[in-house]
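Working through the structure, step by step
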Amino acid sequence: MSEKPPAVEIVDLVKTFDQGQTRAVDGATLSVAQGEFVAITGPSGCGKSTLLHLIAALERPDSGRIVVLGEEITRRHDLSRYRARTVGLVFQLHNLLPNLTAVENVEVPMYETGLGMRERRRRALQLLELMGLADKARRRPPQLSGGERQRVAIARSLSNDPPILLADEPTGNLDSKAGRNVMEALEAIHHQHGLTIIMVTHDPGIAASADRIIKMLDGRIEEG
């Protein structure tokens, strides 16, 4: 039986800004197995968030290859379906819609999938329960704590059942207790559902939750 392809494989990836003057990612090579939880760490400006954005197809590389679940995405022109179905995105800011309830926020990405209203609601409530927020489903973001809002954002990122979750400083705006709650939620979905998680963090304590720690410096992968 053939082995599964890596969840994400990056080969000699380069991304520059300022008309080539700034090399944010400088020849990075990395392989992440399916079901692995990886933390990317390093000093501010080392390129870790840019690398995550390249995997998320929010940026395009100057050169190199990104292969996700056996398919190279660097040469694809239309990546909207990839962003909607293959990768879930969690950012430092939760980016929830303040006028919608928690359950309605989780439903938003499902509107383009063709799911009926009842199925969208059922799945959204199930995800909120997974995040420990079943009793907060009808509350709007201003009525939730910072940690609760971030867990709603994680539930939203999982609404289309992506095999890969990309998290950019998911605890960066939270106090230590709320940050720990968010990490417990990420660890739970990783262990219970075999989700591949690639997380960027500057916090060694948060990175310690991962299966493997990748260290970046000056756009290059130094360790891991």
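Described in the following lines is the structure provided in the data block. (Residues numbered from 1 in each chain as written. Predicted model: local features only at pLDDT ≥ 70, side-chain atom pairs only at ≥ 80, totals over all residues. Heavy atoms only, no water.)

Points about unusual backbone geometry
The condition that has to hold: Secondary structure elements follow DSSP: runs of H or I no shorter than four residues count as helices, runs of E no shorter than two count as strands, and numbering proceeds from the N terminus. A simple rule labels every residue: compare its accessible area, found with a 1.4 Å probe on the protein chains alone, to the largest value its type can have, and call it buried under 20%, exposed over 50%, or partly exposed in between.
Backbone geometry places A57, a non-glycine residue, at a positive phi of 65 degrees. Within the element layout of this structure, A57 appears in the loop between α1 (48–55) and β4 (63–68). Here A57 falls in the buried class, since its relative accessible area comes to 9%. The phi dihedral of N95 falls on the positive side, at around 55 degrees, and the residue is not glycine. Note on placement: N95 falls in the loop between β6 (87–90) and α3 (102–107).

Some points on helix α4 (residues 117–130)
The cut-off we apply is this: Here the expected length of a helix is defined as 1.5 Å per residue gap, with one fewer gap than residues. Throughout, a contact is declared for two residues whenever any of their heavy atoms are within 4.5 Å.
Helix length check: α4, at 14 residues, gives a terminal C-alpha distance of 20 Å against a target of 20 Å (1.5 Å per residue), a fit within 8%. On its buried face, α4 sits against α3 and α5 (146–157). Taken from the residues just after α4, G132 is the one with a positive phi, measuring 75 degrees.

Description of the environment of D203
By the element assignment, D203 lies in the loop between β8 (196–200) and α7 (204–207). The exposure class of D203 is partly exposed, given its relative accessible area of 31%. It is 10.0 Å that separates the C-alpha atoms of D203 and A39, two residues lying 164 residues apart in sequence.

Details of the packing of α5 against helix α6 (residues 176–193)
Selection criterion: Axis geometry follows a simple rule: fit a line to the C-alpha atoms, using only the stretch in contact for helices, then measure angles between N-to-C directions, giving values from 0 to 180 degrees. When describing relative orientation, an angle under 35 degrees is termed roughly parallel and one over 145 degrees roughly antiparallel, while 65 to 115 degrees is termed roughly perpendicular and anything else oblique. Crossing handedness follows the turn of the near helix against the far one: under a right angle anticlockwise gives a left-handed crossing, and clockwise gives a right-handed one. Each residue gets one label: Ala, Val, Leu, Ile, Met, Phe, Trp, Tyr, Cys and Pro are nonpolar, Asp, Glu, Lys and Arg are charged, and the others, such as Gly, are polar.
For the pair α5 and α6, the least separation of the axes is 9 Å and the interaxial angle reads 20 degrees. Relative to α6, the element α5 lies roughly parallel. Relative to α6, α5 is oriented so that their crossing is right-handed. Counted together, G147, Q150, R151 and I154 of α5 and A178, N181, V182, A185, L186 and I189 of α6 form the full contact between these two elements. Its residues assigned to classes, the contact of α5 with α6 comprises six nonpolar, three polar and one charged.

As for the pairing of strand β3 (residues 37–41)
Convention followed: Whether two strands pair comes down to DSSP finding at least two bridges between them.
Across the five residues of β3, five count as buried, placing the element largely inside the fold. Side chains of β3 alternate between two faces, with F37, A39 and T41 and V38 and I40 buried alike. Relative to β8, β3 runs parallel, the two sharing four bridges. Looking at β8, one finds that A39 is bridged to M199. Taken together, the four bridges between β3 and strand β9 (residues 212–217) define a ladder with parallel strand orientation. The partner of I40 across the bridge, within β9, is I214.

Structural notes on the sheet that holds strand β1 (residues 8–17)
Strands sit in the order β2-β1-β4-β5 across an open sheet of four strands; the sheet is antiparallel. Edge positions in the sheet fall to β2 (22–32) and β5 (71–72), since each has one partner strand and no second. Here β1 runs beside β2; their pairing, made up of eight bridges, is antiparallel. Directly across from K15, in β2, lies its bridge partner V25. Each of β1, β2 and β4 is contacted by α1, which is oriented at about 120 degrees to β1, the strand it contacts most.

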